[in-house]
4 protein chains.
Amino acid sequence: MNISVLVNGAKGRMGQEVVKAVKAEKDLSLVKTVDIGDNLAESITETQPQVVIDFSLPKTRMEVIRAIVENKAKGVIGTTGFTPEDMIIIEKWCNEFETAILIAPNFAIGAVLMMQFAKEAAKYLPKAEIIELHHDKKLDAPSGTALKTREKMEREDIPIHSVRLPGLVAHQEVIFGGLGQTLTIRHDTINRESFMPGVVKATKEIINKQGFFYGLEKIL
Amino acid sequence: MNISVLVNGAKGRMGQEVVKAVKAEKDLSLVKTVDIGDNLAESITETQPQVVIDFSLPKTRMEVIRAIVENKAKGVIGTTGFTPEDMIIIEKWCNEFETAILIAPNFAIGAVLMMQFAKEAAKYLPKAEIIELHHDKKLDAPSGTALKTREKMEREDIPIHSVRLPGLVAHQEVIFGGLGQTLTIRHDTINRESFMPGVVKATKEIINKQGFFYGLEKIL
Amino acid sequence: MNISVLVNGAKGRMGQEVVKAVKAEKDLSLVKTVDIGDNLAESITETQPQVVIDFSLPKTRMEVIRAIVENKAKGVIGTTGFTPEDMIIIEKWCNEFETAILIAPNFAIGAVLMMQFAKEAAKYLPKAEIIELHHDKKLDAPSGTALKTREKMEREDIPIHSVRLPGLVAHQEVIFGGLGQTLTIRHDTINRESFMPGVVKATKEIINKQGFFYGLEKIL
Amino acid sequence: MNISVLVNGAKGRMGQEVVKAVKAEKDLSLVKTVDIGDNLAESITETQPQVVIDFSLPKTRMEVIRAIVENKAKGVIGTTGFTPEDMIIIEKWCNEFETAILIAPNFAIGAVLMMQFAKEAAKYLPKAEIIELHHDKKLDAPSGTALKTREKMEREDIPIHSVRLPGLVAHQEVIFGGLGQTLTIRHDTINRESFMPGVVKATKEIINKQGFFYGLEKIL
């Protein structure tokens, strides 16, 4: 297997890690890096990558997707800000151009498993609370992952506690309480590298898919 | 739904909890309690319970099962000590007498979920270690649940650490390590009550089953 | 050492545990148990205990203390509800009658250590948050121990998160964040027995003291 | 306050962090950086720093100390490998040259607090176990901090469990068990930055000291 990859947003904090990860992976070949100021559509047309990995900015998100699908490349997208309306359009494009787009809010495999397990456990142990802990530079609370976890558990009454302290990176625990017992699922991230195995795995999987996928778990 | 239940081993520590739990559950009717010195087979024949819940002694385990199946009752079994050979025989009996037997090493729903999640997570994050923590009166180490967890993960190279301290009850955590991240699944038990929802649930489910089941997760 | 002890509030949930603990301790002799409806003052006068251990009701708290000091007995008090004004009066009585009273909001030695360590750590790692976790029958939040911990840390800006779930008993963790590191101090209680070593220890220590003490740590 | 500082071992992984930290601290002035191949003694003589911070190699440890004391500079030493015999000699030198040397095995303030609290807690809750968790590239087990913690607790019978997994950095928890309760003290490090506040603090404190100190807590 040898998959040609273009990285968009290559100079961002995540983008730099992605470039490193793609270079380090023998099954992937980095054919081009693109950032602000470069012409993405042209770059894709010229280099014809099989997959575009995109960690760029919310405001140009739909232009990026359009450039990918028109070139019949496949997309692994970490950029945030997609609305439900965006996703309906993207799904249509995927079918029209017969290609595949994956958008994932969290590429850490452990976080994806945490959310899946939380969803499953909530069926048997419906009482739960979420504690998410992040470094004190994170301004929003609750975290997107906490909100997504609660949504997956299909329970609006689950409290979310947000801890913000220096010395933390990104952590979450979901505690389920039942008669005489508790079950806790916890994910700890120490750096951006934690997202790379998920990005690489997604790149290898998307190659054989067609359609629109939301959430890393959909293609694993 | 109203299920008639006979409890065997009713005076043991677990048995007493089971009797309380059956009485408290509106869908279950306790028709008889049996303990050492009583004739179980006769009691079953006389009272014709739909389900026999058994938390008795390893040495009489096969006699108990035989008495259950011959009366075409169904069995929810918490007694330990069954060998692989025993299970082959029990499976044959279940088919011969057209009834159902569930044997479960742990009826705490949280523990069952922990084991299932550990099995699932091990596919994506193969490096893991288990820490099991119990009160200092527990003589064996590692715990049966830790061994069963490792077996389910299909990895013989997973270290198990056994902590024995006063003030603990029964706890286990499975820590998975991946690039830049860890995923932890932890189960905490504070008392025997934690097993009762699993016993009650199993009793309600077994009524519609036929065959032999090993592990609570098999009938949930 | 052989210390004569009277237990007040002996039929309450804590009182029953205290009676058991006093009986089990070779250095202590239980001379009398008193509960609602009994005349405490008379009982003390008649039996002349060296120490009165009191786990009774807030509303009669000052009468109880008065009965103890007038008889020159020493008091180990777990009853709650004392105001700062009460304490000033009690201190005066201790000096007037030349005896000793200890009032402690938490007799679990681990909880006392947790509070002391939190106070100490706050000097070096000023950013902290408290998570307290209790069974879902506990109606008040935050817990008294969480409030007392924050008070000892002399920081009003420390957030307290209250988790309420079945399967929990009484737990608290204080998380300190610093550059690149966190320090966590956690206390877990599984039952009322956890308070008994503190009650027994206090009873043995108070015998050699004179004056008023607030907090178990003051006499350890 | 303005303290002139020379950093020895400035190109090592810790040394680089120290250089950054000294530059960032307004009360400290970096007058010189020294590494392998440079002449440390001469550099000290020429630049006359008030404090030498040393994170270099075990084999030259005593030469480094000698160069510091002869120049009547003070030393903050993170290099490892000092034997009890070394320390006796260093103490003598400190007195002879009327200067001060601090050697610390761990400069993370949280780790120092963890060890102090563990020592204190062990007096009241003697049963304990240590779990230390590190990245899977760490070859030695148990960790030096775990061994030092046990030594401070003055209990040789405390089990140490060593967990080695990718995704971990450096973590330790000490669990104390008592009747019906546990107390847990945990320290988590996510990067080398965690040592810098301790190094800076030590540098500011050593300036007013005379003599030999082993352990950061000795001068805080």
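In this text the structure is predicted, and so the values were computed from the model without any measurement.

Cut-offs and rules
Residues numbered from 1 in each chain as written. Chains lettered and ligands numbered in written order. Predicted model: local features only at pLDDT ≥ 70, side-chain atom pairs only at ≥ 80, totals over all residues. Pairing = 2+ DSSP bridges. Helix = DSSP H or I, 4+ residues; strand = E, 2+ residues; numbered from the N terminus. Axes fitted to C-alpha atoms, helices over the stretch in contact; angles between N-to-C directions. Contact = placed C-beta atoms within 7 Å. Buried ≥ 20, exposed ≤ 12 C-beta atoms within 10 Å, placed from the backbone. Nonpolar A, V, L, I, M, F, W, Y, C, P; charged D, E, K, R; others polar. Least-squares fit on C-alpha atoms with pLDDT ≥ 70 in both. Core = buried A, V, L, I, M, F, W, Y, C linked by C-beta atoms within 7 Å. Domains from an automatic or database assignment. Parallel < 35°, antiparallel > 145°, perpendicular 65-115°, else oblique.

A. Structural detail: the sheet that holds strand 4 (residues 74-77) of chain B. All names here are of chain B. Read from one edge of the open sheet, 6 strands run 2-1-3-4-5-10, paired in parallel fashion. Lying at the two open borders of the sheet, with one neighbouring strand each, are strand 2 (28-34) and strand 10 (211-214). Going across the sheet, the axis of each strand differs from the next one's by a mean of 15°, ignoring polarity. For strand 1 (residues 3-8) and strand 3 (residues 51-54), the ladder comprises 4 bridges, and the chain directions are parallel. In the strand pairing of strand 3, L6 is matched with V52. On the sheet, helix 4 (residues 84-96) packs against strand 5 (100-103) and strand 10 and is oriented at approximately 145° with respect to strand 10.

B. Geometry of helix 3 (residues 61-70) of chain D. All names here are of chain D. Those residues of helix 3 that fall on the buried side of the exposure criterion are R61, V64, I65, A67, I68 and V69. Where helix 3 is buried, its residues contact strand 1 (3-8), helix 2 (40-47), strand 3 (51-54), strand 4 (74-77), helix 4 (84-96) and strand 5 (100-103). K72 lies just past helix 3 and shows a positive phi near 55°.

C. Seen up close, the interface of chain A and chain B. Contact with chain A, which involves 28 residues of that partner, is made by 28 residues of chain B. Listing elements by their share of the side of chain A that touches chain B, those giving two or more residues are helix 5 (109-121), strand 8 (170-178), strand 9 (181-189) and helix 7 (196-206) of chain A. In terms of residue count, strand 9 of chain A provides more of the side of chain A that touches chain B than any other element does, 9 residues in total. Of the residues belonging to the side of chain A that touches chain B, the class tally is 15 nonpolar, 10 polar and 3 charged. Strand direction decides the pairing type here: strand 9 of chain A and strand 9 (residues 181-189) of chain B, joined by 9 bridges, are antiparallel. Along strand 9 of chain B, the bridge assignment pairs R186 of chain A with T184 of chain B.

D. Main features of the interface of chain D and chain C. Chain D puts 28 residues into the contact, and the matching count from chain C is 28 residues. Residue assignment for the side of chain D that touches chain C shows that the elements contributing at least two residues are helix 5 (109-124), strand 8 (170-178), strand 9 (181-189) and helix 7 (196-206) of chain D. A breakdown of the residues in the side of chain D that touches chain C according to their chemical character gives 15 nonpolar, 10 polar and 3 charged.

E. Molecular detail of the relation of the copies chain D and chain C. When chain D is fitted onto chain C, the two copies agree to an RMSD of 0.1 Å after a turn of 180° and an axial shift of 0.0 Å. A rotation of that kind, with that shift, is consistent with a two-fold axis. The position closest to the rotation axis in chain D is occupied by the C-alpha of I185 of chain D, lying 2.3 Å away. Counting the interface residues of chain D, we find that 100% of their copies in chain C are interface residues as well, pointing to one common contact surface.

F. Geometry of the nonpolar core. In terms of nonpolar packing, the biggest core is built from 284 residues, with I101 of chain A, I101 of chain B together with I101 of chain C touching the most fellow members. Not counting residues within four places of it along the chain, the set of residues in contact with I101 of chain A comprises I65, I68, V69, G75, I77, I90, C94 and F212 of chain A.

G. Inspection of the domain arrangement of chain A at higher detail. All names here are of chain A. On domain assignment, one finds that chain A holds domain 1 (3-103 + 194-218) and domain 2 (109-189). Placing the centre of domain 1 and that of domain 2 at their C-alpha centroids yields a distance of 28 Å. Counting residues at the interface gives 5 residues for domain 1 and 4 residues for domain 2.

H. Summary view of the packing of helix 3 (residues 61-70) of chain B against helix 4 of chain B. All names here are of chain B. Packing of helix 3 against helix 4 brings their axes to within 10 Å, and their N-to-C directions diverge by 10°. With respect to helix 4, the element helix 3 is oriented roughly parallel. Listed contacts from helix 4 to M62, I65 and V69 of helix 3 are D86, I90, W93 and C94. Along the lines of polarity and charge, the residues of the contact of helix 3 with helix 4 split into 6 nonpolar, no polar and 1 charged.

I. Looking closely at the sheet that holds strand 6 (residues 127-134) of chain A. Pairing within the open sheet is mixed, and its 8 strands lie in the order 7(A)-6(A)-8(A)-9(A)-9(B)-8(B)-6(B)-7(B). Taken across any chain shown, the strands that pair with only one partner, and hence form the sheet edges, are strand 7 (160-164) of chain A together with strand 7 (160-164) of chain B. Neighbouring strand axes in the sheet, compared pairwise and without regard to direction, differ in orientation by 15° on average. Both strand 8 of chain A and strand 9 of chain A contribute to a ladder of 9 bridges, which runs antiparallel. Along strand 9 of chain A, the bridge assignment pairs G177 of chain A with T182 of chain A. Where helix 5 (residues 109-121) of chain B meets the sheet, it contacts strand 8 and strand 9 of chain A together with strand 8 (170-178) and strand 9 of chain B, and its direction lies at approximately 160° from that of strand 9 of chain B.

J. Inspection of the pairing of strand 3 (residues 51-54) of chain C at higher detail. Residue and element names in this part refer to chain C. The two faces of strand 3 match: V51 and I53 on one face and V52 and D54 on the other face are all buried. Relative to strand 4 (residues 74-77), strand 3 is paired through 4 bridges, and the arrangement is parallel. Its bridge partner lying in strand 4, D54 is registered against I77.

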